[in-house]
Amino acid sequence: MENLSYNIIIDAPKQKIWDVLWTPETYSEWTKFFNPKSISLMRSDWKVGGKTYFTNTEGEGMVSTIDSLEKPDQIVFKHLGMVDKDGNEDTQSKEVMEWNGSFEKYFLISLDNGTVKLQAEVQAESEWKDHMNEGFTKGLQIVKDLSESKII
């Protein structure tokens, strides 16, 4: 498992960046590079220890929990397993156990010049490194563009 880290400087308030990250419409926009064949969705109860689902439009994807939450400064997801289109969760198979417990973290850090550093960290198997690099590099640029936009 590799620890990957990405960051980008954004000239916008933390709350606006947070909203761009986690509002359903903008979440699907910045995460499109992770799954170009489908729309990425996120559904959460927003509770530490609760359930969060990262899925495609068919309902397939990952089940996670929020390990730590301090809006709008940081959120840490702990990935638990997979969920299929029927809603069945797999947290115990050999395949899932290889990455079960991995983290995905987002930090919004205020800088002295009034900008915000958005830092994303993810733990991933080495065969997913290129996929993560492309998804986060392109995705965080979309977060920056949407956050700095006057429209949203």
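First things first, this report covers the structure right here in the doc. (Residues numbered from 1 in each chain as written. Predicted model: local features only at pLDDT ≥ 70, side-chain atom pairs only at ≥ 80, totals over all residues. Heavy atoms only, no water.)

### A short note on the nonpolar core
Step number 1: Counting 31 residues, the largest nonpolar core has Ile17, Trp22, Trp30, Leu118, Phe136, Leu140 and Val143 as its most contacted members.
Step number 2: Secondary-structure elements contributing two or more residues to this core are strand E1 (2-10), helix H1 (14-22), helix H2 (24-30), strand E5 (74-83), strand E7 (103-110), strand E8 (116-124) and helix H4 (129-148).
Step number 3: Apart from the residues lying within four places of it in its own chain, the contact partners of Leu118 are Tyr6, Asn7, Ile8, Ile10, Ile17, Leu21, Phe107, Leu108, Leu140 and Val143. (Core = buried A, V, L, I, M, F, W, Y, C linked by side-chain atoms within 4.5 Å. Buried < 20%, exposed > 50% of the residue type's maximum accessible area, 1.4 Å probe, protein only. Helix = DSSP H or I, 4+ residues; strand = E, 2+ residues; numbered from the N terminus. Contact = heavy atoms within 4.5 Å.)

### Points about a nonpolar patch on the surface
Step number 1: A surface patch of nonpolar side chains, amounting to about 200 Å² of accessible area, comprises Ile9, Ile109 and Leu111.
Step number 2: Its location among the elements puts Ile9 in strand E1.
Step number 3: According to the relative accessible area criterion, Ile9 is partly exposed, its value standing at 36%. (Patch = residues over 30% accessible without salt bridge, like charges linked within 9 Å, V, L, I, M, F, W, Y side chains within 5 Å. Areas by Shrake-Rupley, 256 points an atom, 1.4 Å probe, with all protein chains shown as cover. Salt bridge = Lys/Arg side-chain N within 4 Å of Asp/Glu carboxyl O.)

### Here's the deal with the pattern of salt bridges
Step number 1: In this structure the tally under the stated criterion is 6 salt bridges.
Step number 2: We note a salt bridge from Lys129 to Glu2, for which the minimum N-O separation is 3.6 Å. In this pair, Lys129 sits in helix H4 while Glu2 sits in strand E1, placing the two residues 127 residues apart along the sequence.
Step number 3: The exposure class of Lys129 is partly exposed, given its relative accessible area of 33%.

### Thoughts on the packing of H1 against H4
Step number 1: Axis separation between H1 and H4 bottoms out at 9 Å; the angle between their running directions is 130 degrees. The angle between the axes of H1 and H4 places the two elements in the oblique class. In the packing of H1 onto H4, the handedness of the crossing is right-handed. Facing Lys16, Ile17, Val20 and Leu21 of H1, the residues of H4 in contact are Val143, Leu146 and Ser147.
Step number 2: Looking at the contact of H1 with H4, its residues break down into 5 nonpolar, 1 polar and 1 charged. (Axes fitted to C-alpha atoms, helices over the stretch in contact; angles between N-to-C directions. Parallel < 35°, antiparallel > 145°, perpendicular 65-115°, else oblique. Left-handed = near helix turned anticlockwise from the far one by under 90°. Nonpolar A, V, L, I, M, F, W, Y, C, P; charged D, E, K, R; others polar.)

### Focus on unusual backbone geometry
Step number 1: Backbone torsion omega between Lys71 and Pro72 reads -10 degrees, so that peptide bond is classified as cis.
Step number 2: Note that Pro72 resides in the loop between strand E4 (61-70) and E5.
Step number 3: If you check the backbone angles, Trp46 has positive phi at about 60 degrees while not being a glycine.
Step number 4: Tracing the backbone shows Trp46 in the loop between strand E2 (41-44) and strand E3 (52-55).
Step number 5: Classification of Trp46 as partly exposed rests on a relative accessible area of 26%.

### Concerning the pairing of E5
Step number 1: Most of E5 sits out of view: 7 of its 10 residues are buried.
Step number 2: Bridging between E4 and E5 involves 9 bridges; their strand directions are antiparallel. Counted as the bridge partner of Gly61 is Val83 from E5.
Step number 3: For E5 and E7, the ladder comprises 5 bridges, and the chain directions are antiparallel. If you follow Ile75 over to E7, its bridge partner there is Tyr106.
Step number 4: One ladder, built from 2 bridges, connects E5 with strand E6 (residues 89-90); its direction is antiparallel. Of the residues in E6, the one forming a bridge with Met82 is Asp90.
Step number 5: Taken together, E5 and the strand that follows it, E6, pair antiparallel across an intervening segment of 5 residues, in which Gly87 is found at a positive phi of about 90 degrees. (Pairing = 2+ DSSP bridges.)

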